[in-house]
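Residue-level structure breakdown
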Amino acid sequence: MKLFLKVMKALSDPSRVKIMKMLQRKVMCVCEIQAALGIAQSTASKHLKILEDAGLIVYRKDGLWVNYTLADGSQSPFAASLIGNLKHWLEDDPDMKKIMGRLAGINREIICGK
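My aim in this report is to walk through the structure given alongside it, one point at a time. Here the structure is a predicted model, which is why all the values come from computation and not from measurement.

Describing helix H4 (residues 41–53)
- The terminal C-alpha atoms of H4 lie 18 Å apart, and with 13 residues this matches the ideal 18 Å at 1.5 Å per residue to within 8%.
- Every buried residue of H4 is accounted for by Ala-44, His-47, Leu-48 and Leu-51. Projected down its long axis, H4 shows its buried positions confined to an angular sector of 100°, all on one face.
- Buried residues along H4 sit against helix H1 (2–10), helix H2 (14–25), helix H3 (30–37), strand S1 (57–62) and strand S2 (65–70).

Following this line, the structure appears as structure tokens:
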């Protein structure tokens, strides 16, 4: 029950759902997520930590970059199910369409100046 509730709570915030949808499209760093959602870096990091703790996303360090991507779902059957289903949900949502349209123009080197 505890693991199920952790996954459900992680996806109870609209910003975290948006992060999950964006990570379906591309691997992203925190500065890209921050730019796409128009939120503070600390807020983006907090959301990422909650998603990571629920087994929904993973990160890998690549030099100075920390790259976030969707988890494979092996940590939790609840996370696996939601990750799989979320791919088909919200595709027609106006907010998601707007965010997805901005993703192509978001460049980490320009945003972070590295």
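Right, picking up where we left off after that structure.
Examining the pattern of salt bridges
- According to the stated counting rule, one finds five salt bridges in the structure shown.
- The residue Arg-108 makes a salt bridge to Glu-32 at a minimum N-O spacing of 3.2 Å. On the criterion of sequence distance, the pair formed by Arg-108 in helix H7 (residues 108–112) and Glu-32 in helix H3 is long-range, its members being 76 residues apart. Glu-32 carries the same exposure label as Arg-108, and that label is buried.
- Residue Asp-53 pairs with Lys-49 through a salt bridge whose shortest N-O separation is 3.1 Å. In this pair, Asp-53 and Lys-49 are both assigned in helix H4, four residues apart and thus about one turn of the helix distant.
- For Asp-53, a relative accessible area of 40% gives the class partly exposed.
- The partly exposed category is assigned to Lys-49, whose relative accessible area is 43%.

Examining the environment of Cys-29
- The residue Cys-29 is located in the loop between H2 and H3 in this model.
- For Cys-29 and Lys-9, which are 20 residues apart along the polypeptide, the C-alpha to C-alpha distance reads 23 Å.
- The residues touching Cys-29, leaving out its near neighbours within four places in the chain, are Trp-65, Val-66, Tyr-68 and Arg-108.

Observations regarding the packing of H2 against helix H6 (residues 94–103)
- At their nearest, the axes of H2 and H6 sit 11 Å apart, and the two run at 40° to each other. One way to sum up the angle between H2 and H6 is to call them oblique. Judged by the sense of rotation from one axis to the other, the crossing of H2 with H6 is right-handed. Residues Lys-18, Lys-21, Met-22 and Arg-25 of H2 lie in contact with H6, whose contacting residues are Met-96, Ile-99, Met-100 and Leu-103.
- Classifying every residue of the contact of H2 with H6 gives five nonpolar, no polar and three charged.

Criteria and cut-off values
Residues numbered from 1 in each chain as written. Predicted model: local features only at pLDDT ≥ 70, side-chain atom pairs only at ≥ 80, totals over all residues. Heavy atoms only, no water. Helix = DSSP H or I, 4+ residues; strand = E, 2+ residues; numbered from the N terminus. Expected span 1.5 Å × (residues − 1). Buried < 20%, exposed > 50% of the residue type's maximum accessible area, 1.4 Å probe, protein only. Arc of directions from axis to C-beta. Contact = heavy atoms within 4.5 Å. Salt bridge = Lys/Arg side-chain N within 4 Å of Asp/Glu carboxyl O. Axes fitted to C-alpha atoms, helices over the stretch in contact; angles between N-to-C directions. Parallel < 35°, antiparallel > 145°, perpendicular 65-115°, else oblique. Left-handed = near helix turned anticlockwise from the far one by under 90°. Nonpolar A, V, L, I, M, F, W, Y, C, P; charged D, E, K, R; others polar.

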